[in-house]
Amino acid sequence: MSATIALVDDDRNILTSVSIALQAEGFITRLYSDSEGALKALTEKPADLAVFDIKMPKMDGIELLRRVREKSAMPVIFLTSKTDELDEALGLAMGADDYISKPFSQRLLIARIKAILRRAEFARPATDSSEPAAEPIVRGRLEMDPARHRVKWKGQDVTLTVTEFLILETLATRPGVVKSRNQLMDAAYQDDVYVDDRTIDSHIKRLRRKFREADPDFNAIDTLYGAGYRFSEE
């Protein structure tokens, strides 16, 4: 079944051109030229993935993401301008899965959409009983169920995006082992999709924030400056 991609941008030229390119790749598209209409539609019926422009009137993409995240963990990619660095970091901190700067290559956007959808597919429960389910991961007070995309800390649910889940899974699989940013990029971003160090750092900050909402004393993800990150099993 074809994946549905929601495009939210007040520039109708971008909506049209990106929609045509996505449809040529076999995707179904839903187009919204205003964020308020997009919020209502995506709250009632989330898409498989959404692409939000950051700079929009009335409600910007960051506020749209915040309100969508109250109801759904739908993957989201931000479109930003070259001067939106603070907005990019804030968007990632609030739960965006990726961002692309304008002007952008449609080929790059499609590659990132496909990569995120593949990660989302890997995180869903297997429907074919012949496929062995991924084994749960238990590391101290952390419990991860890859087959159901569920995470618990001290028995309390922690909601993660697909990208966050894959980064944490990579760290928790081998506790105490330092993973470089490049290794975390390889785990979370496949098929030569380029991201920079700041993107990984933002995901790590967001992971820590989410776990500290469940446990203010959470400190299981260590930073080793110049080397990378590790998960400390307590």
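These numbers come from a predicted model, not from an experiment. (Residues numbered from 1 in each chain as written. Predicted model: local features only at pLDDT ≥ 70, side-chain atom pairs only at ≥ 80, totals over all residues. Heavy atoms only, no water.)

Q: Is there a simple way to explain the nonpolar core in this structure?
A: Generally speaking, nonpolar side chains in soluble globular proteins are found buried as a group. Counting residues in hydrophobic clusters, the biggest one holds 25 residues, and the most contacted among them are Leu142, Val151, Leu168, Ile204, Phe211, Ile221 and Phe231. Put simply, the parts of the chain that give this core at least two residues each are strand S7 (142-145), strand S8 (150-153), helix H6 (162-173), helix H7 (181-188), helix H8 (197-214) and strand S11 (228-231). Aside from chain neighbours lying at most four places away, what touches Val151 is Leu142, Glu143, Met144, Gln156, Asp157, Val158, Leu160, Phe165, Leu168 and Phe211. Counting residues in each nonpolar core, the second largest holds 22 residues, with Ala6, Tyr32, Met56 and Phe78 among its members. (Core = buried A, V, L, I, M, F, W, Y, C linked by side-chain atoms within 4.5 Å. Buried < 20%, exposed > 50% of the residue type's maximum accessible area, 1.4 Å probe, protein only. Helix = DSSP H or I, 4+ residues; strand = E, 2+ residues; numbered from the N terminus. Contact = heavy atoms within 4.5 Å.)

Q: So what exactly am I meant to see when it comes to empty space enclosed by the protein here?
A: Empty space among the atoms becomes apparent when a probe as large as a water molecule is rolled across them. Counting across every chain of the model gives one cavity of 30 Å³ or more. Of the volumes computed, that of the largest cavity is approximately 40 Å³. Lining the largest cavity we find Leu7, Val8, Asp9, Ile14, Leu15, Val18, Val51 and Leu79. Where the lining of the largest cavity is concerned, the elements lending two or more residues are strand S1 (4-8) and helix H1 (12-24). Among the elements that take part in the lining of the largest cavity, H1 stands out by supplying three residues, more than any other. Per-class residue counts for the lining of the largest cavity are seven nonpolar, no polar and one charged. (1 Å grid on protein atoms, 1.4 Å probe; cavity = no way out; pocket = protein on both sides within 12 Å on 5 of 7 lines; lining within 4 Å. Points joined across faces, edges and corners; volume = space filled by probe spheres on them. Nonpolar A, V, L, I, M, F, W, Y, C, P; charged D, E, K, R; others polar.)

Q: Can you walk me through the confidence of the model for the protein chain in this structure?
A: Detailed reading of the predicted model is not advised wherever pLDDT is low. When pLDDT is averaged across the protein chain, the result is 84; 84% of the residues are at 70 or more. Note that residues 125-131 has pLDDT below 50 and, in this model, three contacts with residues that lie over four places away or in other chains. (pLDDT = per-residue confidence, 0-100.)

Q: How do you make sense of the UniProt feature "modified residue: 4-aspartylphosphate" (unreviewed entry) in the protein chain when you look at a structure like this?
A: As annotated in UniProt, the feature "modified residue: 4-aspartylphosphate" (unreviewed entry) corresponds to Asp53 in the numbering used here. As for its placement among the helices and strands, Asp53 is situated in strand S3 (residues 49-53). Those residues in contact with Asp53, other than ones at most four positions away along the chain, are Val8, Asp9, Asp10, Gly61, Leu79 and Lys102. (UniProt positions renumbered as here; feature names shortened; annotations may be inferred.)

Q: It is not clear to me how the environment of Glu63 should be interpreted in this structure. Could you clarify?
A: Topologically, Glu63 is positioned in helix H3 (residues 61-69). Judged by its relative accessible area of 28%, Glu63 is partly exposed. Along the chain, Glu63 and Leu39 lie 24 residues apart, while their C-alpha atoms are 10.0 Å from each other.

Q: Honestly, the pairing of S3 in this entry has me stumped. Any pointers?
A: Two faces, one strand: in a regular strand the side chains alternate between the faces of the sheet. Among the five residues of S3, five are classified as buried, and the element is accordingly described as predominantly covered. The side-chain alternation of S3 yields two buried faces, one formed by Leu49, Val51 and Asp53 and the other by Ala50 and Phe52. Of the strand pairs in this sheet, S1 and S3 are connected by four bridges, and their pairing is parallel. Bridge pairing in S3 links Ile5 to Leu49. Of the crossover connections in this fold, the one passing from S3 over H3 to the parallel strand S4 (residues 76-80) is right-handed. (Pairing = 2+ DSSP bridges. Right-handed = clockwise from strand over helix to strand, strands pointing away.)

Q: Just to check I follow, could you spell out unusual backbone geometry for this structure?
A: A negative phi angle characterises most non-glycine residues, just as the trans form characterises most peptide bonds. If you check the backbone angles, Lys58 has positive phi at about 70° while not being a glycine. Take Lys58: it is sitting in the loop between S3 and H3. With a phi close to 55°, Lys154 is a non-glycine residue in the positive phi region. One can find Lys154 in the loop between S8 and strand S9 (156-157).

Q: Is there a simple way to explain H3 in this structure?
A: In an α-helix, one turn spans 3.6 residues; hence positions three or four apart end up facing the same way. Every buried residue of H3 is accounted for by Gly61, Ile62, Leu64, Leu65, Val68 and Arg69. Each buried residue of H3 lies within a common arc of 160° when the element is viewed along its axis, so the set occupies one face. (Arc of directions from axis to C-beta.)

Q: Would you mind showing me how to read the packing of H6 against H7 here?
A: Helix packing for two helices is described by the angle between their axes and how far apart those axes are. The interhelical angle for the contact between H6 and H7, taken along N-to-C directions, is 125°, at an axis separation of 9 Å. As far as their axial angle goes, H7 and H6 are oblique. The two elements H6 and H7 meet at a crossing, and its hand is right-handed. Contacts between H6 and H7 involve Thr163, Leu166, Ile167, Thr170 and Leu171 from the former and Leu184, Ala187 and Ala188 from the latter. In the contact of H6 with H7, the residues fall into six nonpolar, two polar and no charged. (Axes fitted to C-alpha atoms, helices over the stretch in contact; angles between N-to-C directions. Parallel < 35°, antiparallel > 145°, perpendicular 65-115°, else oblique. Left-handed = near helix turned anticlockwise from the far one by under 90°.)

Q: I'm lost on the packing of aromatic side chains in this one. Help?
A: Two descriptors summarise a pair of aromatic rings, namely the distance from one centre to the other and the angle between the planes of the rings. Summed over all chains, the structure comprises three aromatic pairs. Ring plane angle 80° and centroid distance 4.9 Å describe the contact between Trp153 and Phe218, whose orientation is recorded as edge-to-face. Here the residue Trp153 occupies a position in strand S8, and Phe218 occupies one in the loop between H8 and strand S10 (221-224), the gap between them amounting to 65 residues. Relative accessible area serves as the criterion here: at 3%, Trp153 is assigned to the buried category. Ring plane angle 15° and centroid distance 4.7 Å describe the contact between Phe211 and Phe218, whose orientation is recorded as stacked. Note on accessibility: Phe211 and Phe218 belong to one class, buried. Following the ring pairs from residue to residue traces out a cluster consisting of Trp153, Phe211 and Phe218. (Phe/Tyr/Trp six-rings, centres within 6.5 Å; stacked < 30°, edge-to-face > 60°.)

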